[in-house]
Amino acid sequence: MAVAISSAAANGVVPWRAHSALVAVQLFYGGYHVITKVALNIGANQFVFCVFRDLIALSILAPVACFREKRLRLPLDRHFLVTVFFLGLTGIFGNQLLFVLGLSYTNPTYAAAVQPAIPVFTFILALIMGTETLNLRKTEGRAKLGGILVCVSGAILMAIFRGPAVFGSDAIAGEISVDSHFLGLVTGSWQLGVLCLIGNCMCMAIYLAFQAPLLAKNPASISVTAYSYFFGVIFMVVTAFFMTSESADWNVTPTEAFAVCYAGVVASAVNYTLMTWSNKIVGPAMVALYIPLQPVASAFLSSIFLGGPIYLGSILGGLLIIAGLYLVTWASYAEKRTSVVQSHRASTSSEPLIDRVS
């Protein structure tokens, strides 16, 4: 029993590293939102921005996966290629492009308000696929469901309730508007932006849910991300080729170049690697549940670097998100601990009596 407990404690260190990594991912995405708002505001083409971002990410992920996971990679088969093809289509191409388009057609506040749909979609898909469990008869199951609802409620509160400025001044507040065109429509087409953001959430949920079973069989998590990016880049380049009519669209200013580099290195290569590794450790529902922290991180970083105020609604919503994350984390840990104890008892009871006496 002592060996089992010490082993469980040793294994418990890894999930907490995954939780720390997921917090860092959302902080990095908060910076990505701030920098991207500035880049789009000065006229960066959405398709070109995504192409350069993904090319930079692939140029980092491919060699790292090649040398670091040379002995971990399994032989390529049809199932693996079809799966990473689908992951590239949804999680890389669809997720990134639809978010940038949705951000352009609406505003950052609304774009952040829609993101809490990702953990809901992901949890439903994970339940259907069997990668997550929910037993409402147990305290852990009720805590998990309650934590998800509390977390999503906190993100929605941030979007619908502003309140007074607690830090900073309202005089310097203001949304960054973006002027762009898509299929001959002006960015004032709010409905198109809403559809893009909903599609963005569904793509990310599908990506996380379908990635988890693949990671359970394939230990090379960076290689899975790199192959997904390879197919995502193909989709992005082909789309940008047909959607950009002027060569000037491919010219980038120094500000846009900085935004593209940050998006490619940090928001893509680093973040997707950390999310893939965390998905293998804590599961897709938990990875998605950290996404509502993005508006919290964005508001915090906007206050520091852009001088924007932090409102009471952001603080209250952030506290709810943290409370919801704690509930789900505790419930997941309690379920795993119960499972370890039950499996240990089952293995002990199945041992021959003479072995147990000796």
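Numbers given to residues run from 1 along each chain, matching the order in which its sequence is written. Note on the predicted model: pLDDT of at least 70 is required for a residue's local features to be given, and 80 or more for side-chain atom pairs to be given and counted; whole-chain, interface and lining totals, by contrast, use all residues. Water and hydrogen atoms were dropped before computing side-chain values, which therefore reflect all heavy atoms in the structure.

Regarding the overall build of the protein chain
Phase 1 of the analysis: Starting at the N terminus, helices and strands are each numbered in turn, a helix being any DSSP run of H or I of at least four residues and a strand any DSSP run of E of at least two. Of the regular secondary structure elements, the protein chain holds 13 helices and four strands.
Phase 2 of the analysis: What makes two residues a contact is simply this: any of their non-hydrogen atoms within 4.5 Å. At a minimum sequence separation of 6, the contacts of the protein chain that also span at least 24 residues come to 89%.
Phase 3 of the analysis: Here the accessible surface of atoms and residues is derived via Shrake-Rupley with a 1.4 Å probe, and residues count as covered only by protein chains that are part of the display. For the protein chain, the accessible surface area stands at approximately 17300 Å², while carbon and sulfur atoms represent 69% of it.

Topic: the packing of aromatic side chains
Phase 1 of the analysis: Think of it this way: a Phe, Tyr or Trp ring, Trp meaning its six-membered ring, pairs with another when their centres are within 6.5 Å, and the plane angle makes it stacked under 30 degrees, edge-to-face over 60, tilted otherwise. A complete count under the given rule lists eleven aromatic pairs for this structure.
Phase 2 of the analysis: Look at Phe80 and Tyr227: their rings are 5.4 Å apart centre to centre, the planes differ by 90 degrees, and that puts the pair in the edge-to-face class. Of this pair, Phe80 sits in helix H3 (residues 78-105) while Tyr227 sits in helix H8 (residues 221-243); the two residues are 147 residues apart in sequence, bridging distant segments of the chain.
Phase 3 of the analysis: Phe80 gets classed as buried once you look at its relative accessible area, which sits at 6%.
Phase 4 of the analysis: Both rings, one in Phe93 and one in Phe235, keep their centres 5.7 Å apart while their planes meet at 40 degrees; by these two values the pair is tilted. In this pair, Phe93 sits in helix H3 while Phe235 sits in helix H8, placing the two residues 142 residues apart along the sequence.
Phase 5 of the analysis: For Phe235, a relative accessible area of 22% puts it in the partly exposed group. Exposure categories follow from relative accessible area, calculated using a 1.4 Å probe and restricted to protein chains: below 20% of the type maximum is buried, above 50% is exposed, and the middle band is partly exposed.

Notes on the confidence of the model for the protein chain
Phase 1 of the analysis: Per-residue confidence for the protein chain gives a mean pLDDT of 78, with 81% of residues at or over 70.
Phase 2 of the analysis: Ranking the helices and strands of the protein chain by mean pLDDT puts H8 first, with 93, and strand E3 (residues 185-186) last, with 40.
Phase 3 of the analysis: Between residues 1-13, whose pLDDT stays under 50, and residues either more than four places distant or in other chains, the model counts three contacts.
Phase 4 of the analysis: As a per-residue measure, pLDDT tells how confident the predictor is, with possible values from 0 to 100. Taken as a whole, residues 172-188 scores under 50 in pLDDT and shows 32 contacts with residues more than four places along the chain or in a different chain.

Overview of the environment of Asn45
Phase 1 of the analysis: Position of Asn45 among the secondary structure elements: in the loop between helix H1 (2-41) and helix H2 (46-68).
Phase 2 of the analysis: Residues Asn45 and Val252 lie 207 residues apart in sequence; the distance between their C-alpha atoms is 9.1 Å.
Phase 3 of the analysis: Ignoring sequence-local partners within four residues, the contact set of Asn45 consists of Thr244 and Asp249.
Phase 4 of the analysis: Here a polar contact is recorded for every N or O atom pair within 3.5 Å, except that within protein the pair must consist of a potential hydrogen donor and a potential acceptor, and residues adjacent in sequence are included only if both atoms are side-chain atoms. In this structure the side chain of Asn45 is engaged in a polar contact, spanning 2.9 Å, whose partner is the backbone nitrogen of Phe47.

Here's the deal with the side chain of Arg53
Phase 1 of the analysis: Among the structural elements, Arg53 can be located in helix H2.
Phase 2 of the analysis: Although Arg53 is buried, it forms no salt bridge, and the closest oppositely charged side chain is Asp54 at an N-O distance of 4.3 Å.
Phase 3 of the analysis: Here Arg53 is in contact with Tyr29, Tyr32, Gln96, Val260, Ala263, Gly264, Ala267, Ser268 and Tyr272, once residues within four sequence places are set aside. Note that His is not counted, nor are the chain ends; the positive residues are Lys and Arg, and the negative ones are Asp and Glu. What makes a salt bridge here is a side-chain nitrogen of Lys or Arg within 4 Å of a carboxyl oxygen of Asp or Glu, nothing more.

Things to note about H2
Phase 1 of the analysis: Compared with an ideal rise of 1.5 Å per residue, which puts 23 residues at 33 Å, H2 spans 33 Å between its outermost C-alpha atoms and is within 8% of the ideal.
Phase 2 of the analysis: Those residues of H2 lying buried are Gln46, Phe47, Val48, Phe49, Cys50, Val51, Arg53, Asp54, Ala57, Leu58, Leu61 and Ala65.
Phase 3 of the analysis: The backbone nitrogen of Phe47 has a side-chain oxygen 2.9 Å away, supplied by the residue at the start of H2, namely Asn45. By this rule, a helix spans an expected 1.5 Å times one less than how many residues it contains.

As for the environment of Gly30
Phase 1 of the analysis: Looking at where Gly30 falls in the secondary structure, it is placed in helix H1.
Phase 2 of the analysis: For Gly30, a relative accessible area of 0% corresponds to the buried category.
Phase 3 of the analysis: In the structure, Gly30 is positioned 263 residues away from Leu293 in sequence and 8.5 Å away in space, judged by C-alpha atoms.
Phase 4 of the analysis: Not counting residues within four places of it along the chain, the set of residues in contact with Gly30 comprises Gln294, Ala297, Ser298 and Leu301.

Things to note about the packing of H2 against H3
Phase 1 of the analysis: Axis geometry follows a simple rule: fit a line to the C-alpha atoms, using only the stretch in contact for helices, then measure angles between N-to-C directions, giving values from 0 to 180 degrees. At their nearest, the axes of H2 and H3 sit 10 Å apart, and the two run at 140 degrees to each other. Looking at the two axes, H2 sits oblique to H3. In terms of crossing hand, the pair formed by H2 and H3 is right-handed. Residues Gln46, Phe47, Cys50, Arg53 and Asp54 of H2 form the contact with H3, whose own contacting residues are Ile92, Gln96, Leu97, Val100, Leu101 and Ser104.
Phase 2 of the analysis: In terms of residue class, the contact of H2 with H3 is made up of six nonpolar, three polar and two charged. Any angle that is under 35 degrees is reported as roughly parallel, and any over 145 degrees as roughly antiparallel; angles of 65 to 115 degrees are reported as roughly perpendicular and all others as oblique. A clockwise turn of the near helix away from the far one marks a right-handed crossing, whereas an anticlockwise turn of less than a right angle marks a left-handed crossing. Gly is put with the polar residues, along with every residue not named as nonpolar or charged; the nonpolar set is Ala, Val, Leu, Ile, Met, Phe, Trp, Tyr, Cys and Pro, and the charged set is Asp, Glu, Lys and Arg.

Brief notes about the side chain of His19
Phase 1 of the analysis: Along the polypeptide, His19 turns up in helix H1.
Phase 2 of the analysis: A relative accessible area of 7% means that His19 is categorised as buried.
Phase 3 of the analysis: Residues contacting His19, with those up to four places away along its chain left out, are Val282, Met286, Tyr290 and Thr329.

A look at a nonpolar patch on the surface
Phase 1 of the analysis: The residues that make up patches have over 30% relative accessible area and no salt bridge, and they are joined within 9 Å when like-charged or within 5 Å when they are Val, Leu, Ile, Met, Phe, Trp or Tyr. A surface patch of nonpolar side chains, about 670 Å² in accessible area, is lined by Val120, Phe121, Ile124, Ile128, Met129, Ile198, Met202 and Phe210.
Phase 2 of the analysis: Elements with a contribution of two residues or more to the nonpolar patch: helix H5 (117-129) and helix H7 (190-217).
Phase 3 of the analysis: Counting residues per element, the nonpolar patch draws most heavily on H5, which supplies five residues.
Phase 4 of the analysis: With respect to the secondary-structure elements, Phe121 resides in helix H5.

Observations regarding the environment of Pro116
Phase 1 of the analysis: Residue position: Pro116 is located in the loop between helix H4 (108-114) and H5.
Phase 2 of the analysis: Given a relative accessible area of 3%, Pro116 falls into the buried group.
Phase 3 of the analysis: Here the alpha-carbon distance between Pro116 and Ala155, two residues 39 residues apart in the chain, equals 6.4 Å.
Phase 4 of the analysis: What Pro116 contacts, discounting residues up to four positions off in sequence, is Val152, Ala155 and Pro292.

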